[in-house]
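One-letter residues, chain by chain:
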Amino acid sequence: MATPVMDKAEAVAKAASPYITVTFRIRRFNPEVSDEAQWQDFRIEIDPKERVLDGLHKIKWDLDGSLTFRRSCAHGICGSDAMRINGKNRLACKTLIKDINPEKPITIEAIKGLTVLKDLVVDMEPFFQAYRDVMPFLITKGNEPTRERIQSAEDRERFDDTTKCILCAACTSSCPVFWNDGQYFGPAAIVNAHRFIFDSRDEAGEQRLEILNDKDGVWRCRTTFNCTEACPRGIEITKAIQEVKRALITRRY
């Protein structure tokens, strides 16, 4: 006679549990096994208030240790866990399960435009080379000052938005121009050039503008706004790109 009581108790406990069953549909690729990528489904129990990254951890730690992806801080600062989730570039550590319709399979794949090395990991070297090419550092002339280089609040505000970039590549890998031509500098490189072109303390704005005036530079942008929509930090990337174009035309910055 104890069984019905136990069944009822279990039903109540299950109803009170915050956990739901979610299917993660992950595009897997292992060059040591096959030249072709394939989709693999994993069903896990997870609190919908948790993040996609938590689900990936659960799969890797409990179901399949071969699943490969990047992550570091897990708090939206390092930018290492950018991936395509349900067809959109997002950070797995900032995307909640409940916000992406967990009643349907959650599709996860590597970001586009960069060579996939394994599963969700891509070769970031072309992305970082474009970043290095725009000289993303302060360049000044003359002797070092005896104290900090003074800058007004207004001058600092001029480039405040583009200082927020975390180099996650979500913007660049959402750009259709970059998908079709990996030689294009891409939105992230232009954003980081913008950050110094409009810095009143920097003296290499003209040089950076000439770099971006190249055939693979800023003029390749088609103003689709994909980059702005993909940015997890809310940077107005398309606006920044337009400001660089305007500076090239007028040489005023």
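Preceding block: the structure.
(A) Expanded view of unusual backbone geometry. In this model, Ala74 sits at a positive phi of 65 degrees, which is unusual for a non-glycine residue. As for its position among the elements, Ala74 is in the loop between α2 (52–63) and β3 (82–85). Not every positive phi belongs to a glycine, and Met135 is a case in point at roughly 55 degrees. Topologically, Met135 is positioned in the loop between α3 (125–133) and α4 (153–157). According to the relative accessible area criterion, Met135 is buried, its value standing at 14%.

(B) Looking closely at the pairing of strand β5 (residues 106–109). Bridge count between strand β1 (residues 20–28) and β5: 3 bridges; the pairing is parallel. Bridged to Phe24 within β5 is Ile106. Relative to β5, β3 runs antiparallel, the two sharing 2 bridges. What sits directly across from Ile85, in β5, is Ile108.

(C) A look at the nonpolar core. In this structure, Phe24, Ile26, Val52, Leu56, Ile108 and Leu212 are the most contacted members of the largest nonpolar core, which totals 63 residues. Not counting residues within four places of it along the chain, the set of residues in contact with Leu56 comprises Phe24, Ile26, Leu67, Phe69, Met83, Ala92, Ile108 and Leu120.

(D) Representation of the packing of aromatic side chains within the structure. Across all of its chains, the model carries 1 aromatic pair by this definition. Where Phe127 meets Phe128, the ring centres are 5.2 Å apart and the plane angle is 75 degrees; that geometry is what we call edge-to-face. Among the residues examined, Phe127 registers a relative accessible area of 4% and is labelled buried. The ring of Trp179 carries Lys112 above its face, with NZ or CZ at 3.8 Å from the centroid. The cationic tip of Arg195 hangs over the ring face of Phe196; the distance from NZ or CZ to the ring centre is 4.0 Å.

Procedures and definitions
Residues numbered from 1 in each chain as written. Predicted model: local features only at pLDDT ≥ 70, side-chain atom pairs only at ≥ 80, totals over all residues. Heavy atoms only, no water. Helix = DSSP H or I, 4+ residues; strand = E, 2+ residues; numbered from the N terminus. Buried < 20%, exposed > 50% of the residue type's maximum accessible area, 1.4 Å probe, protein only. Pairing = 2+ DSSP bridges. Core = buried A, V, L, I, M, F, W, Y, C linked by side-chain atoms within 4.5 Å. Contact = heavy atoms within 4.5 Å. Phe/Tyr/Trp six-rings, centres within 6.5 Å; stacked < 30°, edge-to-face > 60°. Lys NZ or Arg CZ within 6 Å of the ring centre and 35° of its normal.

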